[in-house]
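# Structure assessment
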Amino acid sequence: FSYLLSISNSAMDPVERSVHMDMSQPLSHYYINSSHNTYLDGNQLTGTASAQAYERAIRAGARCVELDIWDGENDQPILTHGHTLTGAVLLADALDVIKKFA
């Protein structure tokens, strides 16, 4: 069991295990460009959903995107804003776009 938690079994790059960048600035100087409700083309109550919305977000610089995964028909996972009137997009379609543009 101890091997599972040891550094020898770590998936992280050893360089990433220690501070190796300038961390002397105030916290507000660091950010990750992120996207909320990435799959939506419109508002979060009635907007349409599309896989291309991920392409737009990534091309605009987003490095953190939301995958709001729900059970779809025929055991196909979908991305949708649950319990609203928004559209849905297949998770597989969104992942294909993310793979291509990220």
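Above this text sits the structure in question.
An account of the accompanying structure is given in this report. Computed from a prediction, not measured in an experiment: that's the story for all the values here.

## Details of the overall build of the chain
In terms of regular secondary structure, the chain is built from two helices and three strands. In the chain, the order of α-helices and β-strands from amino to carboxyl end is α-β-β-β-α. Its C-alpha atoms give the chain principal-axis dimensions of roughly 45 × 40 × 25 Å. In the chain, which comprises 102 residues, the share counted as buried stands at 24%. Intrachain contacts of the chain at a sequence separation of at least 6 include 49% that bridge at least 24 residues. Taken as a whole, the chain presents about 7,700 Å² of accessible surface, with 56% of it coming from carbon and sulfur. Here the chain carries 6 positive and 12 negative side-chain charges, and the mean point of each set is 10 Å from the other.

## What about the nonpolar core?
Inside soluble globular proteins, nonpolar side chains tend to come together where they are buried. The biggest cluster of nonpolar side chains holds twelve residues, and these are Tyr39, Leu40, Ala49, Ala51, Tyr54, Ile58, Leu79, Val89, Leu91, Ala94, Val97 and Ile98. Looking at which element gives the most residues to this core, the answer is helix 2 (residues 91–101), with four residues. In this structure, Leu79 is in contact with Tyr39, Tyr54, Leu67, Asp68, Ile69, Gly87, Ala88, Val89, Leu91 and Ala94, ignoring residues within four places of it in sequence.

## A word on the environment of Ala92
With respect to the element layout, Ala92 can be found in helix 2. Through-space distance from the C-alpha of Ala92 to that of Pro77 is 7.8 Å; in sequence the pair is 15 residues apart.

## Structural notes on a nonpolar patch on the surface
Where nonpolar side chains cluster on the molecular surface, the patch consists of Val19, Met21, Met23, Leu27 and Tyr30 and spans about 580 Å² of accessible area. Under the relative-accessibility criterion, Val19 is labelled exposed at 68%.

## Quick look at unusual backbone geometry
At Asn37, a residue that is not glycine, the phi angle is positive and equals roughly 55 degrees. When you line up the elements, Asn37 lands in the segment before helix 1 (52–59). Here Asn74, not a glycine, exhibits a phi torsion of approximately 55 degrees, which is positive. Within the element layout of this structure, Asn74 appears in the loop between strand 1 (69–71) and strand 2 (77–79).

## Focus: the pattern of salt bridges
All chains considered together, the criterion is met by two salt bridges. The closest approach of N and O atoms between Arg59 and Glu55, which form a salt bridge, is 2.9 Å. Remark: Glu55 and Arg59 occur in helix 1; sequence separation between them is four residues, near one turn of the helix.

Rules of the game
Residues numbered from 1 in each chain as written. Predicted model: local features only at pLDDT ≥ 70, side-chain atom pairs only at ≥ 80, totals over all residues. Heavy atoms only, no water. Helix = DSSP H or I, 4+ residues; strand = E, 2+ residues; numbered from the N terminus. Buried < 20%, exposed > 50% of the residue type's maximum accessible area, 1.4 Å probe, protein only. Contact = heavy atoms within 4.5 Å. Areas by Shrake-Rupley, 256 points an atom, 1.4 Å probe, with all protein chains shown as cover. Lys, Arg positive; Asp, Glu negative; His and termini not counted. Charge placed at Lys NZ, Arg CZ, Asp CG, Glu CD. Core = buried A, V, L, I, M, F, W, Y, C linked by side-chain atoms within 4.5 Å. Patch = residues over 30% accessible without salt bridge, like charges linked within 9 Å, V, L, I, M, F, W, Y side chains within 5 Å. Salt bridge = Lys/Arg side-chain N within 4 Å of Asp/Glu carboxyl O.

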